[in-house]
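# Remarks on the overall topology
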Amino acid sequence: MKLTITDQAFAKLREAVPADSRLLLSFDDGVGPFSKVGVCSLDTSYDIIAVAKDARTPDYEQTLATNHSDWQLKGYSAVYLDNNMKLDFKNHQLVLSGESGILDSSVDIKDLAKQEA
């Protein structure tokens, strides 16, 4: 599984999160400390979460290769993703897409690295 981050999306990420943080692609399903919705939601939603390099994130046990660094994700959430994905910045939103089309047209960024310091 691979995520290509466009230059525009990478610039947006760099504005929003510290360069030394670790990034998580979080399927927002109500599981874990970073999730805001429950499993009964009809939306498929993803967040990019910045955490400190040494933060404990046991729910995020799988690695996602990107063209900038490796990210982590919840292993079981991979079934909702495509093998080749792209994160782009369009119409003032981060858009996650793949071979099957748009996976999330409005990916949120959460900087939790500052809270942990």
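The structure contained in this document is the topic of the report that follows. (Residues numbered from 1 in each chain as written. Predicted model: local features only at pLDDT ≥ 70, side-chain atom pairs only at ≥ 80, totals over all residues. Heavy atoms only, no water.)

### Observations concerning the overall build of the chain
Within the chain, the regular secondary structure consists of 2 helices and 8 strands. Secondary structure of the chain in N-to-C order comes out as β-α-β-β-β-β-β-β-β-α. Across the 117 residues in the chain, those meeting the buried criterion constitute 45%. Pairs at least 24 apart in sequence give 58% of the contacts found in the chain among residues at least 6 apart. For the chain, the accessible area works out to roughly 6400 Å², and carbon and sulfur atoms hold 50% of it. (Helix = DSSP H or I, 4+ residues; strand = E, 2+ residues; numbered from the N terminus. Buried < 20%, exposed > 50% of the residue type's maximum accessible area, 1.4 Å probe, protein only. Contact = heavy atoms within 4.5 Å. Areas by Shrake-Rupley, 256 points an atom, 1.4 Å probe, with all protein chains shown as cover.)

### Re the pairing of strand β2 (residues 22-27)
Burial within β2 is extensive, with 6 of its 6 residues counted as buried. The alternating pattern of β2 places R22, L24 and S26 on one face and L23, L25 and F27 on the opposite face, and all of these are buried. Sheet analysis places β2 next to strand β3 (residues 46-51), joined by 6 bridges and oriented antiparallel. Of the residues in β3, the one forming a bridge with S26 is D47. As judged from the 2 bridges shared by β2 and strand β5 (residues 71-73), these two strands associate in the parallel manner. Looking at the pairing, L25 lines up with L73 of β5. (Pairing = 2+ DSSP bridges.)

### Looking at the pattern of salt bridges
Applying the stated criterion across every chain yields a total of 2 salt bridges. Among the salt bridges present, the one from K12 reaches E15, with a minimum N-O distance of 4.0 Å. Here the residue K12 and the residue E15 both occupy positions in helix α1 (residues 7-16), the gap between them amounting to 3 residues, near one helical turn. Its relative accessible area of 31% is what places K12 among the partly exposed residues. A salt bridge links K110 to D47, with the shortest nitrogen-to-oxygen separation between them at 3.2 Å. One end of the pair, K110, is in strand β8 (residues 101-111); the other, D47, is in strand β3, and 63 residues separate them in sequence. With relative accessibility at 22%, the residue K110 sits in the partly exposed group. (Salt bridge = Lys/Arg side-chain N within 4 Å of Asp/Glu carboxyl O.)

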